[in-house]
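# Observations on the three-dimensional arrangement
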Number of protein chains: 2
Amino acid sequence: MQFPSKLIEEAVNEISRLPGIGKKTALRLALFLLKEDERTTLSIADALVKLRTLTQYCSECHNISDEAICTTCSSPRRDRSVICLVQDTRDVLAIENTGQYQGLYHVLGGLISPMEGIGPAELTIEPLVQRIQRQSSEVKEIILALSPTIEGDTTAFYITKKLKDFSLKVSTIARGIPIGGELEYADEVTLGRSILTRTHYSHDNK
Amino acid sequence: MQFPSKLIEEAVNEISRLPGIGKKTALRLALFLLKEDERTTLSIADALVKLRTLTQYCSECHNISDEAICTTCSSPRRDRSVICLVQDTRDVLAIENTGQYQGLYHVLGGLISPMEGIGPAELTIEPLVQRIQRQSSEVKEIILALSPTIEGDTTAFYITKKLKDFSLKVSTIARGIPIGGELEYADEVTLGRSILTRTHYSHDNK
């Protein structure tokens, strides 16, 4: 594509760095911004910069947070005996939307994926182990709520091994989720049900 | 959706102001930016602000331009006797990509749409009339390359009336069956129009 100006070419190139946005969509967005009031662009840009530079992560569950400890971790109403392991913030939102879960979370920040060069060290697995050690009197159960993909299964397997010396139940959400499906796209009923009917890993079944 | 932080909520709200981007997609984009290097976000934001605050419009054709007069309008290789009227920059790009047109352009900046509150005064129709007056010795033909919608037809009708006192040809791009399109899947209006405005094979191959 031959752009009429360097500025729009640069903007299209930058916007199309976002996942799922190609050059044509980027151009459409750029032309939209040019038509809108200048404040629209400025406030979008400002929100992006603030998001990236000011966002904190909860030191307990590693979810995105405004404070050092997030509202879920500091809430007295949450069940502190259960920790639900998820890949990222979107999964926390999806599970919260079901209204079926009252425990705490732990956000891994990704899944183990040798293809993408993501090993256990890139995730918050070690912090999870330390967290359980710190709160060993409180934590009774870990729920693995990972996508049923190769990466999810690998990560679940790795974490299960890491946790085998702790005296806690480790469960996984029920495979009501279609294999190959992404957790964030699951409907609320299926996702809620899958938490209620989670399958317990029994020790004699190893 | 209940967001874990005000910053991400604000970012999602801002991103979803873009056309075709809902809250879920906005959240996906926001989380992508949080995972990427900080420089990615900063350079995207910077490109958006530069685009919106520094972009100029060619004083002749009103296309986006780096200079006061765009490269097309100032090019000695373009045919100055034809002006092609288009809705926006994307249409200029689309026509340029065909490699079939050597004339100049005039970017209207939209189409007349009472539904959206866009009247002739919002478009560059008056500047077009002045431009033709200024260059009346040069300009021989105006090609209307507008979308075949109610808005496009309204705009074409309005412009045709505005230009009726000038001694110039006014034409419209051909409506018909797309190349590679199956005849049986064409809608009745298009097919009917393509028969009425059929192209004659001339013996002298003009």
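Residues numbered from 1 in each chain as written. Chains lettered and ligands numbered in written order. Predicted model: local features only at pLDDT ≥ 70, side-chain atom pairs only at ≥ 80, totals over all residues. Heavy atoms only, no water.

For chain A, the name recorded in an unreviewed UniProt entry is Recombination protein RecR, with Shiella aurantiaca as its organism.

## What about the interface of chain A and chain B?
We apply this condition: Note on contacts: a residue pair is in contact if any heavy atoms of the two residues lie within 4.5 Å. By buried area we mean how much accessible surface two parts lose on assembly, using a 1.4 Å probe and totalling the loss over both. Each reported salt bridge corresponds to a side-chain nitrogen of Lys or Arg within 4 Å of a carboxyl oxygen of Asp or Glu. Contacts described as polar in this section are N or O atom pairs within 3.5 Å, which, within protein, must combine one atom able to donate a hydrogen with one able to accept it, while residues neighboring in sequence count only if both atoms come from side chains. Helix and strand definitions follow DSSP, with helices as H or I runs of at least four residues and strands as E runs of at least two, each counted in order from the N terminus.
Contacts between chain A and chain B engage 56 residues on the former and 55 residues on the latter. Taken together, the two surfaces of chain A and chain B that pack against each other cover about 5,500 Å², and 71% of this comes from carbon and sulfur. Counting across the chain A and chain B interface gives 0 salt bridges. Counting across the interface, chain A meets chain B through 16 residue pairs in polar contact (both at pLDDT 80 or more). If you list the elements that add at least two residues to the side of chain A that touches chain B, you get helix H1 (6-15), helix H2 (23-35), helix H3 (38-54), strand S2 (64-65) and helix H5 (89-98) of chain A.

## Here we look at the packing of H3(A) against helix H3 (residues 38-54) of chain B
Relative placement of two packed helices is described by the angle separating their axes and the distance separating the axes. Operational definition: The axes used here are C-alpha line fits, helices contributing only the stretch in contact, and every angle between their N-to-C directions lies in the interval 0 to 180 degrees. Here roughly perpendicular refers to angles of 65 to 115 degrees, roughly parallel to angles under 35, roughly antiparallel to angles over 145, and oblique to all remaining angles. Three residue categories are used. Nonpolar comprises Ala, Val, Leu, Ile, Met, Phe, Trp, Tyr, Cys and Pro, charged comprises Asp, Glu, Lys and Arg, and polar comprises the others, including Gly.
Look at H3(A) against H3(B): their axes get within 9 Å of each other, and the N-to-C directions meet at 170 degrees. By the criterion of interaxial angle, the relationship of H3(A) to H3(B) is roughly antiparallel. For the pair H3(A) and H3(B), the contacting residues are Glu38(A), Thr41(A), Leu42(A), Ile44(A), Ala45(A), Leu48(A), Val49(A), Arg52(A) and Thr53(A) in the first and Glu38(B), Thr41(B), Leu42(B), Ile44(B), Ala45(B), Leu48(B), Val49(B), Arg52(B) and Thr53(B) in the second. Its residues assigned to classes, the contact of H3(A) with H3(B) shows 10 nonpolar, 4 polar and 4 charged.

## Side note on the UniProt feature "zinc finger region: C4-type" (unreviewed entry) in chain A
Here is the rule we go by: UniProt positions are given in the numbering used here, feature names are shortened, and annotations may be inferred rather than shown by experiment.
Listed under "zinc finger region: C4-type" (unreviewed entry) in the UniProt record, and renumbered for this structure, are residues 58-73 of chain A. Secondary structure content for residues 58-73 of chain A is 19% helix and 12% strand, and the end C-alpha separation is 8 Å.

## Description of the domain arrangement of chain A
This is how the line gets drawn: The split into domains, and so the bounds of each, comes from an automatic or database assignment of domains.
Per the domain assignment, the segments making up chain A are domain 1 (6-54) and domain 2 (78-205). The gap between the C-alpha centroids of domain 1 of chain A and domain 2 of chain A is 35 Å.

## With respect to H3(A)
This is how the line gets drawn: Each helix should span, by expectation, one fewer than its residue count multiplied by 1.5 Å. For every residue, the accessible area (1.4 Å probe, protein chains only) is compared with the maximum for its type, and the residue is labelled buried under 20%, exposed over 50%, or partly exposed between those bounds. Arc definition: it is the arc formed by the directions from the helix axis to the C-beta atoms.
If you check H3(A), its first and last C-alpha atoms are 24 Å apart, about what 17 residues at 1.5 Å a residue would give, namely 24 Å. Taken as a whole, H3(A) has its buried residues at Thr40(A), Thr41(A), Ile44(A), Ala45(A), Ala47(A), Leu48(A), Leu51(A) and Arg52(A). The arc that holds every buried residue of H3(A), seen down its axis, measures 155 degrees, which confines them to one face. Structurally, H3(A) contributes buried residues whose contacts are with H2 of chain A together with helix H1 (6-15), helix H2 (23-35) and H3 of chain B. With a side-chain oxygen lying 2.9 Å from the backbone nitrogen of Arg39(A), the N-terminal cap of H3(A) falls on Asp37(A).

## What about the pattern of salt bridges?
All names here are of chain A. Here the structure, examined in full by the defined rule, presents 18 salt bridges over all chains. Across the salt bridge formed by Arg 134 and Glu 60, the nearest N and O atoms sit 3.1 Å from each other. Here Arg 134 is found in helix H6 (residues 125-134), whereas its partner Glu 60 is found in the loop between strand S1 (56-57) and S2, with 74 residues between them in sequence. When its relative accessible area of 52% is taken as the criterion, Arg 134 is described as exposed. Note on Glu 60: relative accessible area 17%, which makes it buried.

## Let's talk about the packing of H5(A) against H2(B)
Between H5(A) and H2(B), the least distance of the axes is 10 Å, while the angle of their chain directions is 145 degrees. Residues Thr89(A), Arg90(A) and Leu93(A) of H5(A) form the contact with H2(B), whose participating residues are Leu27(B), Arg28(B) and Leu31(B). When grouped by side-chain class, the residues that make up the contact of H5(A) with H2(B) number 3 nonpolar, 1 polar and 2 charged.

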